[in-house]
Amino acid sequence: VQLQASGGGLVQAGGSLRLSCAASGRTFSSYHTGWFRQAPGKEREFVAAISMSGDSTTYADSVTGRFTISRDNAKNTVYLQMNRLSPEDTAAYYCAASVPAIGANLMRERSYAYWGQGTLVTVSS
């Protein structure tokens with residue numbers, strides 16, 4: 001599966017953005033999907049994940065209550081709605097797809113086999 005992330009940009013603190021991750025190739029609904037981010041000079045970190053059916057979601061503590069992950073399998077797209085953004089959210093955001101496996105931890109990068117390119121989010125103070 002190929003992934004294409006989009007929707008990044010420059011936004012003021014307190015503002016909102018919606019990222020999209022469009023998938024092509026194999027059946028997208030067969031994959032769990034996650035968002036990760038990497039700030040300058042920092043390691044990549046987990047942001048949010050959604051099950052392949054969309055009925056289960058997981059969030060990093062730092063974004064809980066502000067970000068919402070969702071998916072539209074008919075459109076082969078996963079979304080990340082980001083509200084009340086702060087400068088600490090500035091990073092390149094990556095979407096990734098995970099083949100379902102027993103015991104897989106969707107908060108870990110190694111659970112994901114497919115990655116899209118990053119889309120840059122910059123939040124100004």
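These lines cover the structure that appears in this document, whether it is placed above or below. Note that the coordinates shown come from a computational prediction; the quantities given were computed from them, not determined experimentally.

### Focus: the pattern of salt bridges
What the rule picks out here adds up to four salt bridges. Of the charged contacts, one joins E45 and R37 as a salt bridge, the two residues approaching to 2.7 Å between their closest N and O atoms. Residue D89 is joined to R37 by a salt bridge in which the shortest nitrogen-to-oxygen separation is 2.9 Å. Linking D89 in the loop between strand 8 (77-82) and strand 9 (91-98) with R37 in strand 4 (residues 32-38), this pair joins segments that are 52 residues apart in sequence. The burial state of D89 is the same as that of R37; both residues are buried. Within this structure, R37, E45, R66 and D89 form a network of salt bridges that share partners.

Definitions and cut-offs
Residues numbered from 1 in each chain as written. Predicted model: local features only at pLDDT ≥ 70, side-chain atom pairs only at ≥ 80, totals over all residues. Heavy atoms only, no water. Salt bridge = Lys/Arg side-chain N within 4 Å of Asp/Glu carboxyl O. Helix = DSSP H or I, 4+ residues; strand = E, 2+ residues; numbered from the N terminus. Buried < 20%, exposed > 50% of the residue type's maximum accessible area, 1.4 Å probe, protein only.

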